[in-house]
Amino acid sequence: SGRSAPPAYVDRVQPDSPAATLGLRPDDLIVRIDEYSVRSCREFREVLAKFEPGQKVKLTYKRGTKVMQGELTLAEEKQ
């Protein structure tokens, strides 16, 4: 198939990270960041790159069959 990039499932959540604050859990599926749809891990990274650390974004994600939303403040990249 032409789709080599896996869907943007949450792999792990760092304690005290913005994702943890939002309540994201492993196996949640990220589907949108603000108005950008996210269909793969690669798109997730590409969309995040459009924003600056410290910016608030609206995250839409699925947990099982439930669609959930929350606001996330982007963290600084750790070097």
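Residues numbered from 1 in each chain as written. Predicted model: local features only at pLDDT ≥ 70, side-chain atom pairs only at ≥ 80, totals over all residues. Heavy atoms only, no water.

A.B. asks: Teacher, can you tell me more about the sheet that holds strand 1 (residues 29-33) here?
C.D. replies: The strands that make up a sheet pair up through hydrogen bonds in the backbone, lying either parallel or antiparallel. As summarised here, the arrangement of the four strands in space is 2-1-3-4, forming an open sheet in which the pairing is antiparallel. Each edge of the open sheet is held by one strand with a lone partner, namely strand 2 (36-37) and strand 4 (66-73). Judged from the four bridges that link them, strand 1 and strand 3 (residues 56-63) form a sheet pairing that is antiparallel. Its bridge partner lying in strand 3, I30 is registered against Y61. The strands touched by helix 2 (residues 41-48) are strand 1 and strand 2; relative to strand 1, the strand with the most contacts, the crossing angle is about 35°. (Pairing = 2+ DSSP bridges. Helix = DSSP H or I, 4+ residues; strand = E, 2+ residues; numbered from the N terminus. Contact = heavy atoms within 4.5 Å. Axes fitted to C-alpha atoms, helices over the stretch in contact; angles between N-to-C directions.)

A.B. asks: Sorry, what's going on with the packing of aromatic side chains here?
C.D. replies: In this description, a pair of aromatic rings is defined by centroid distance and the angle of the planes. Counted according to the given criterion, the structure contains one aromatic pair. Both rings, one in Y36 and one in F51, keep their centres 6.0 Å apart while their planes meet at 80°; by these two values the pair is edge-to-face. Taken together, the residues Y36 in strand 2 and F51 in the loop between helix 2 and strand 3 connect sequence positions 15 residues apart. (Phe/Tyr/Trp six-rings, centres within 6.5 Å; stacked < 30°, edge-to-face > 60°.)

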